[in-house]
Structure formats: structure tokens, C-alpha cells
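# A look at the structure
Chain residues, written in single-letter form:
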Amino acid sequence: MNKYNIFFSIFLIAVKLNANITTKIQNVEEQSVFENISKETIVNQKKIFLKDSKTIIKKLLKSKKIPSKISRNLTKKYYRNYKYKTFWVSFNGIKKISYDLIRIINEDEVLKPYQKKLFQLDEINKLLNKNKENTLKDQIKLDIMLTSSYHQYMKYLSKGLINWKLFQEELKKRNEETEIIANWKKYDVKKNIRRLLYKSVKENNINIAIDKVNYTFPKAKELANLIKDYEKTLENGGYIKISKIKKSLKKGNYYPEIKLLRRRLFQSNDLQNLNCIEQNNQNIKEPKLDCLELYDENVFKAVKSFQKSHGLIQDGIVGNNTISKLNIPIKNKIKIMRINLERMRWMPRTLGKKYLIVNIPDYKLKMYKENQIKLDMPVVVGEYKTPTPVFSHKISAIVLNPYWRIPQSIVKKEIVPKLVKNPNYLNSKNIKVFENWNHESIEYNTSSFDWSMFLDNDLLGTSKKAPMRFIQVPSNQNPLGKMKFMFPNRYSVYLHDTPFKSLFNKNKRAFSHGCIRLSRPHDLLKTIAQEDEKVDYEEAKEILKDIEKTDFDLTKKIPVHIVYLTSWVDENGKVQFRDDIYKYDKIQGNILYN
């Protein structure tokens, strides 16, 4: 190839390359122009949506029939403080957060009986399903309805559905009729739910708001989820009924009732399968017995499991008491589960990293550390006439060899009548009478008192003001035992030791005047001492050998929550039921369901 041909070939290649580069540059310029137009269009659409949606929001909020189940002023406040922007919809349509909120409300098993009454679910779901077909006015209407539903749901999560004022009125009525003083303290969630919505919308995550107000009691969500399983059993006919029996059913024997008992225990997951264990020692000459009628090891374990979950003596013997628990209708249990979940909404949301729970109907104290049980012991609680109050506080001190400052109500009702019959009663119980609650104040000589003049009157004063105070000094007869765990409160209630250890052998232990008696106070003292530098367990043991009163102030106060739960899920995931010893289920059930 000569040099001219080579030059010409190079020239042609250069022309082609230039043409390609020019074409690519033109394409890039055209694409850039197109993108700029698209972005500008989107920006304009957003501006138009914001402008038109604000106009419609303001118009709907002024309309006669506002699409909200909360007050007009409150609805306006939500939007006014958000510059009348939408929360749940955008120019692209309905946001994911909207579907999440309605899904959570729909799946809330506790709320199920009240959902249609509380929320505009039918209308909301209709608009959610249409989505892109909705007009802008429909979208704004949906936004307002969702805001209303959000507020109501958050209010429910914060306070529950049981009318607190009505419940307090019922307790007051009971006090007037029976002189039973019942106290229950509710703890409100101090969160601004409007601001929580603004934050949730910004993050497009409704759980940011919900998690701030929802209950935190251990396994509460598991109890709520179990309601769905119980309702399936109810839909399938409920629990099988077991007839009353004349003689108790015991392991190793054959009974016709065992066939039904197997099926009933299988329904509540106490029995894992319906298979029976054959007995090999059966006499060949006798007619073959039905294996399903044998009270075998499987049934025995299942009965004990059921008894444990209902607070019964776990002896595996089926008597009419166990049968009565087996025959509680499942719809009643569902109601009780819902009532107890409502109660959990009255508790503080922050229980503490380490805390104590005393469950009154369970007669138990449990210590939790980072949601793991570190201590579990039986307790004695207040009897029906002197119920233990329901409230939360913090243990701040431990008192060894305590003095019992006897409440004035006990002095009037119990001690004075005993003194009328036996003037030496105070000496026999190491009770002294002082000018005030200080055991070093002036001590009265009561040997010449005519105690009959103090019967049925206010000469002894009231709980707040009295001319004399009765104090029992440390001794083996002191009902506080050798130690008490102090959390100063308006009810004068605390945890303490007791000389009456035999009461812990009983299955039902409601015997006190309101305080909580501990079966193993030394274990609680030791557990606290292991993590508190101010409490020396070995030193405490030496002090307890004497009668000298000694106080230990704790370095860090320990939260204690005294609760009233007749249904909950335990640490093993097993649902528990207990007797309504103070009849609070009945009162709150009437308020909630009637």
C-alpha cells in the first residue's frame, strides 16, 4: 500500500470517529435535557400536590362532618403543627407507613372486639385498596382518618380501654359498703404522641411511635398472640366438658372419664398426643381393658402441668377442684387474658434492669435481672378484707431487727378488743406505747388504762394523727420477723420476714394486713448484698443474732412492682391462670365488656 492510500485510510477512520463522538455528545445532551425536564416536572407535581392538599385539608377540617373520630381541635392541631402537610399519603400515593399502621391495628388481638367501634376500618380499608384510583380529596380524607386512628390507637396503647375513673368509683363504693380499703395506682405514659407521629413519618416507620408507649411487662406480647389460638379453639366448639366425679382419679387405675380427660388436656397443650401406655401386667383371663381409659404416666404429667398453670397443688390427682378449672369456658379465659393485658398498660413502661415483681394472685415474688429470673419465692399477701395495694416503688433500705409500728386501724380493730379481755396482752407480745413513732420518745405506762373507753371511737386518733403509737420491739413474736425491705410509700406496705413460716405450706396465702411476707428473706438479702457495696451479708448475719435494730441504705434503689395478674405467660412460655382473690377481674370485666 502506497503512502497516499495509507493517508486516505487514516483520514476515513478519523472522520468516522469524529462522527461517532459527535453523535454520542448529541445523545448525552438530549438525555440531559430530558432528565432535567423530568426532574422539573416531578418538582412541579410535588408543589401542586402540596398546594392542593393543604387547601383540601383546611377545607375538610372546617367542614360540618369532619372525617375524624377525634375532636376537631385536636385534628387541627396535628396538621397545623405540621404546616398542613399530609402524614400518610404523598403525590406518589399511599405510603407504606399507612399500611403498617392498619395492619398492626387489625392484628391486635386484644382490641379485636372493639376495632369497628373505635376505628373507621371499613372505610379506611376501602380507600387503601383503591390507592391509585383515589381522587386527591379521597387521599386527603384517608390521611385525616388515619391520623384519627393513629391517635386513638396510641391513646389505647398508653392507657388501655378500661375506664379508670369508673374502676376507682367501684373501689370507693366497695369501701363504703364493706370498709375494704383497696388501692391501685396507675402510671401514665408521659410521651407526646403527636411528636412521635412526626418522627415516625420522617423515618417512615410507625413502630418508632408504638414502641415508645406499648407495654413492657415480660411476655406481654406472647400473651396477646395466644388469644388468637384460644379463639380458634372457641370457633371449633371450645373445651370438652368433664363431668364431676364421686371419687378422685389417681394414676395407675382405669376410669371411663380418662378418655375425655385426654382430649381436654390435649386441647390446652398439656398433653402432647392422645396415645396411651399399655400395662403389661394385665391378667389374660380378664377381658381386655381399654388403654385409653388408663390413667397412665402421660396423663399424670399432663394433669400436673395443668394444675401448675392454674395455681393448684401439683399432686396429679384429679378431684372436682381440678375438674372445675378444666371446665372454665374458653371464652371466659379469653376475657381474662384481655383484662390482664389491659392492666399491664397501667404499669410503668420502664421496669428497670434489675427489679422485683410481686404478683398478688400468684403469691410469688420474682427478681429479674436483664429479663432473666434470678430469684423466685412464695409470699404471703393481704387477705380479702385488707388487700395488698397495687403500685410500683423502689427499695431504698434494709432494716435488720425491725420495730413494728402498728397501723392505727389494726390497733383499733384488733389490739384494743384484745386488751379489754386481757390487760396484759401488750406485755405478752412485747408491744410498747410511745408518744410518737420514734421508739426513743416518751413511753406511756398503760397498766392503769381502762381500754374499754377506747372501743369504737377515735380516742386513739387516726392513721395520720394520734396521741399515742403502738410499737412492737424486735423479738421472735414480731410479725416483721428479723428483717424488712423498705420502700417508703403512702400505704405503709413493705416486704418483710415473718415468724409464721407454716403459712408458706399452704397453696393459697392471703393472710396479711397488706404487707408482703417473704418465705426466704435471707435469699433476697444475700442476692442484694452480692451487688451492693453498702450491704455486707456476713455482717448482717451477725447482727441478726442479736436484737439491735440496724439499717442498710442501698447504693442503688431497686424497683419493686406489686401487680395483680390472674393471667400471664411465664418464663417457659406457658400461659398461667390464677384465682381472682380480690374480685378485681369481676369489677374490671363489667366495665370493659358491659
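Scanning the protein chain from N- to C-terminus turns up 19 helices and 16 strands. The C-alpha radius of gyration of the protein chain comes to 35 Å, more than 25% above the 25 Å expected for a compact globule of 594 residues. By principal-axis analysis of the C-alpha atoms, the protein chain measures approximately 140 × 85 × 65 Å. With 594 residues in all, the protein chain has 47% of them scored as buried. Here the analysis covers contacts within the protein chain between residues at least 6 apart in sequence; of these, 69% occur between residues at least 24 apart. Carbon and sulfur atoms provide 50% of the accessible area of the protein chain, an area that totals close to 33,000 Å². Side chains of the protein chain give 111 positive and 65 negative charges; the mean places of these two sets differ by 7 Å.

Turning to the pattern of salt bridges, a few remarks are in order. Under the counting rule described, the total for this entry stands at 26 salt bridges. We note a salt bridge from Asp 585 to Arg 343, for which the minimum N-O separation is 2.4 Å. Separated by 242 residues along the polypeptide, Asp 585 in helix H19 (residues 584-593) and Arg 343 in helix H14 (residues 330-344) bring together distant segments of the chain. A relative accessible area of 7% places Asp 585 in the buried class. For Arg 343, a relative accessible area of 3% gives the class buried. Residues Lys 545 and Glu 542 are paired through a salt bridge, measuring 3.1 Å at the closest nitrogen-oxygen approach.

With that out of the way, let us pick up the state of the cysteines. Taken as a whole and assessed by the stated rule, the structure comprises 1 disulfide. Shown here is the disulfide that connects Cys 276 with Cys 291, its sulfur atoms set 2.0 Å apart. One quick way to see it: the torsion about the S-S bond of Cys 276 and Cys 291 is about 135 degrees, and its sign makes the bridge right-handed. Pair noted here: Cys 276 is in the loop between helix H11 (257-267) and helix H12 (297-309) and Cys 291 is in the loop between H11 and H12, with a separation of 15 residues, a long-range link. Of the residues examined, Cys 291 reaches a relative accessible area of 7% and is grouped as buried.

All right, on to the nonpolar core then. Counting residues in hydrophobic clusters, the biggest one holds 146 residues, and the most contacted among them are Tyr 150, Phe 470, Phe 485, Leu 495 and Leu 524. The leading source of residues in this core is helix H6 (residues 136-159), at 10 residues. In this structure, Ile 258, Leu 271, Phe 306 and Val 318 belong to the second largest nonpolar core, which totals 17 residues.

Here we come to H12. Look at H12: 19 Å from first C-alpha to last across 13 residues, which is about the 18 Å you get at 1.5 Å a residue. For H12, the complete set of buried residues consists of Val 299, Phe 300, Ala 302, Val 303, Phe 306, Gln 307 and Ser 309. Lining the buried residues of H12 we find H11, helix H13 (320-326), H14 and strand E16 (575-577). Regarding H12, its N-cap is Asp 296, as a side-chain oxygen of that residue lies 3.2 Å from the backbone nitrogen of Asn 298 further along.

It is worth spelling out the environment of Leu 455 at this point. The topology assignment puts Leu 455 in the loop between strand E8 (431-434) and strand E9 (469-472). Once the C-alpha coordinates of Leu 455 and Pro 474 are considered, the two residues, 19 residues apart in sequence, prove to be 27 Å apart. Residue contacts for Leu 455: discarding those within four places in its chain leaves Val 416, Pro 417 and Val 420.

Here we come to a positive patch on the surface. Together, Lys 54, Lys 58, Lys 62, Lys 83 and Lys 85 line one region of the surface with positive charge. On the secondary structure map, Lys 62 appears in helix H1 (residues 3-62). With a relative accessible area of 68%, Lys 62 lands in the exposed category.

Strand order in the open sheet formed by 3 strands is E7-E9-E8, with antiparallel pairing between adjacent strands. Where the open sheet ends on each side, the last strands, each with one partner, are strand E7 (404-405) and E8. Both E7 and E9 contribute to a ladder of 2 bridges, which runs antiparallel. When the bridges of E9 are listed, Trp 404 appears paired with Gln 472. Here helix H15 (residues 408-421) sits on the sheet and contacts E7, E8 and E9; the angle it forms with E9, its principal contact strand, is near 80 degrees.

This brings us to a negative patch on the surface. A cluster of like negative charges, contributed by Glu 169, Glu 170, Glu 176 and Glu 177, occupies part of the molecular surface. Turning to its location among the elements, Glu 177 is positioned in helix H7 (residues 164-178). The exposure class of Glu 177 is exposed, given its relative accessible area of 59%.

For any pair of aromatic rings, the description rests on two quantities: the centre-to-centre distance and the angle between the ring planes. Evaluated as defined, the whole model comprises 28 aromatic pairs. An aromatic cluster is built from Tyr 78, Tyr 79, Tyr 82, Phe 87, Trp 88, Tyr 150 and Tyr 198, whose rings are joined through pairwise contacts. Sitting above the plane of the Tyr 187 ring, Lys 185 keeps its charged end 5.2 Å from the centroid. In this arrangement the basic side chain of Lys 335 is found over the ring face of Tyr 593, its NZ or CZ atom lying 5.1 Å from the centre.

When two helices pack together, their arrangement is given by the angle between their axes and by how far apart the axes lie. Here helix H5 (residues 121-130) crosses H6 at 135 degrees, and the two axes come no closer than 10 Å. Considering their axes alone, H5 and H6 lie oblique with respect to each other. The handedness of the crossing between H5 and H6 is left-handed. When H5 is examined against H6, the residues Glu 123, Ile 124, Leu 127, Leu 128 and Lys 130 are found in contact with a partner set consisting of Asp 138, Lys 141, Leu 142, Met 145, Leu 146 and Ser 149.

For the rest of this paragraph, the subject is the pairing of strand E14 (residues 550-563). In terms of strand pairing, strand E3 (residues 354-359) meets E14 through 4 bridges, oriented parallel. Across the sheet, the residue bridging to Ile 357 is His 561, located in E14. Across 9 bridges, strand E6 (residues 391-400) lies against E14 in antiparallel orientation. Considered in E14, the bridge of Leu 400 is made with Thr 550.

What counts, and at which threshold
Residues numbered from 1 in each chain as written. Predicted model: local features only at pLDDT ≥ 70, side-chain atom pairs only at ≥ 80, totals over all residues. Heavy atoms only, no water. Helix = DSSP H or I, 4+ residues; strand = E, 2+ residues; numbered from the N terminus. Rg over C-alpha atoms; globule rule 2.2 N^0.38 Å. Buried < 20%, exposed > 50% of the residue type's maximum accessible area, 1.4 Å probe, protein only. Contact = heavy atoms within 4.5 Å. Areas by Shrake-Rupley, 256 points an atom, 1.4 Å probe, with all protein chains shown as cover. Lys, Arg positive; Asp, Glu negative; His and termini not counted. Charge placed at Lys NZ, Arg CZ, Asp CG, Glu CD. Salt bridge = Lys/Arg side-chain N within 4 Å of Asp/Glu carboxyl O. Disulfide = S-S within 2.5 Å. Core = buried A, V, L, I, M, F, W, Y, C linked by side-chain atoms within 4.5 Å. Expected span 1.5 Å × (residues − 1). Polar contact = N/O pair within 3.5 Å; in protein donor to acceptor, adjacent residues only side chain to side chain. Patch = residues over 30% accessible without salt bridge, like charges linked within 9 Å, V, L, I, M, F, W, Y side chains within 5 Å. Pairing = 2+ DSSP bridges. Axes fitted to C-alpha atoms, helices over the stretch in contact; angles between N-to-C directions. Phe/Tyr/Trp six-rings, centres within 6.5 Å; stacked < 30°, edge-to-face > 60°. Lys NZ or Arg CZ within 6 Å of the ring centre and 35° of its normal. Parallel < 35°, antiparallel > 145°, perpendicular 65-115°, else oblique. Left-handed = near helix turned anticlockwise from the far one by under 90°.

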